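Chains, contacts and geometry: an overview
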Amino acid sequence: MPTINQALRHAALPRLEARMLLAHITGLSHAAMVSAGHDELPVAQWLAYQALAARRLAGEPVAYLLGQREFYGRDFAVSPAVLIPRPETELLVETALDKLGRERQARVVDLGTGSGIIACTLALEAPQWQLSAVDLSPEALVVARHNAANLAARVTFYHGSWLAPLPQDAHYDAIVSNPPYIEQHDHHLAEGDVRFEPRMALTDESDGLACLRAIAAAAPERLLPGGWLLVEHGYDQGAACRALFQAAGLQQVATLQDLAGVDRVTLGQRP
Ligand code: GLN
């Protein structure tokens, strides 16, 4: 059987990806794999590694092959039922923490929670907050509930469309969402990892603004006075989102740029 070093060189994969797959299969850290580089792989691990490498070469995302992805310093389970967590979504989390303050009590809901990264992270970063999370996909809710239990995040989950399944009389200090915002014919839908992600988490099957429109229209009346609506959106949707937020009567409307310097989060406050 090949050694760890030989296995890493064998696959036509970028070195980091090969290391991630082999670390997953051997259960070794990257550091441990370096010191064990000349050890022979057990046959079962060599076969498992070759199978994963082949799937990766056929395009499957590393996050789905490993069944997990890191977000805001924590490991979240992911499956093809949910979007793969993106680092730019950390801006939405940071902004919500910043606008409300971690120390106060607050009721917050995450619409279209997917794997639950936003709701779980907020619940863990701001333990005084009461988190709810909604998704239309029962399969996504299975993943989100698993993550909440695994991370000991206190989140109440609801199945349904946007605000509809929430208690009628519930009002929130913040409504956050990273909704599907890719336009239906966008070429990105046919490229790379995105091809393997759930289409309903990516696109509204319209102009990319349909979900953002629905959320902006419905959210203000479910916000407490002074409550915030915060959404993630595409690099070219900042102006459109600000217009939707203003039309919905929100104030302090602003768009923030992510680490790549592109418009990513728009927020507004109920007077
Ligand atoms: N809220 C989840 C995330 O940020 C899912 C977003 C989505 O499915 N569009 O990853």
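Only a predicted model underlies this, so the values are computations on that prediction, with no experimental measurement involved. Residue positions are given per chain, counted from 1 along the sequence in the order it is written. Reporting of local features is limited, given that this is a predicted model, to residues whose pLDDT is at least 70; pairs of side-chain atoms are given and counted only at 80 or more, and all residues count toward the totals for whole chains, interfaces and linings. Side-chain measures were taken over the full set of non-hydrogen atoms in the model, leaving aside hydrogen atoms and water.

What follows concerns the UniProt feature "binding site: S-adenosyl-L-methionine" (unreviewed entry) in the chain. UniProt positions are given in the numbering used here, feature names are shortened, and annotations may be inferred rather than shown by experiment. As annotated in UniProt, the feature "binding site: S-adenosyl-L-methionine" (unreviewed entry) corresponds to Gly112, Thr113, Gly114, Ser115, Gly116, Asp135, Trp162 and Asn178 in the numbering used here. Restricting the annotated residues to those that line the largest pocket leaves Asn178. Assignment of secondary structure puts Ser115 in the loop between strand E3 (106-111) and helix H7 (117-125). You can call Ser115 buried: its relative accessible area is 3%. Discounting chain neighbours no more than four positions away, the residues touching Ser115 are Phe76, Ala77, Val78, Val82, Leu83, Pro85, Val143, Ala144 and Asn147. Relative accessibility under 20% of the residue-type maximum defines a buried residue, over 50% an exposed one, and the middle range a partly exposed one, all with a 1.4 Å probe and only protein chains included. Asn178 sits in the buried class, given a relative accessible area of 15%. Whether two residues are in contact is decided by their heavy atoms: any pair within 4.5 Å suffices. Setting aside its immediate chain neighbours within four residues, Asn178 contacts Leu83, Thr89, Leu92, Leu111, Gly112, Ile118 and Glu232. Residues are called lining when one of their atoms sits within 4 Å of a cavity or pocket point, these points coming from a 1 Å grid over the protein atoms alone, where a cavity is a set in which a 1.4 Å probe fits but cannot get out and a pocket is an open set with protein on both sides within 12 Å along at least five of seven lines. In this text, helices come from DSSP runs of H or I with a minimum length of four residues, and strands from runs of E with a minimum of two, each type numbered from the N-terminal end.

For the rest of this paragraph, the subject is the layout of surface pockets. Grid points are joined across faces, edges and corners, and a volume is the space filled by probe spheres set on the points. Estimated volume of the largest pocket: approximately 510 Å³. Along its surface, the largest pocket is lined by 22 residues, and Tyr181, Ile182, Asp186, Gly234 and Arg264 are the ones closest to its centre. Each residue receives one of three labels: charged for Asp, Glu, Lys and Arg, nonpolar for Ala, Val, Leu, Ile, Met, Phe, Trp, Tyr, Cys and Pro, and polar for the others, Gly being one of them. Tallied by class, the residues present in the lining of the largest pocket amount to nine nonpolar, five polar and eight charged. The space that makes up the second largest pocket amounts to roughly 430 Å³. Along the wall of the second largest pocket there are 28 residues; nearest its centre are Gly112, Thr113, Gly114, Asp135 and Ala201. Of all the elements in the fold, those that place two or more residues in the lining of the second largest pocket are H7, strand E4 (129-135) and helix H9 (199-202). In terms of residue class, the lining of the second largest pocket is made up of 17 nonpolar, nine polar and two charged.

Annotation from UniProt places "binding site: substrate" (unreviewed entry) at Asn178, Pro179, Pro180 and Tyr181. Of the annotated set named above, Asn178, Pro179, Pro180 and Tyr181 line the largest pocket. Positionally, Asn178 belongs in the loop between strand E6 (172-177) and H9. By relative accessible area, which is 3% here, Pro179 ends up buried.

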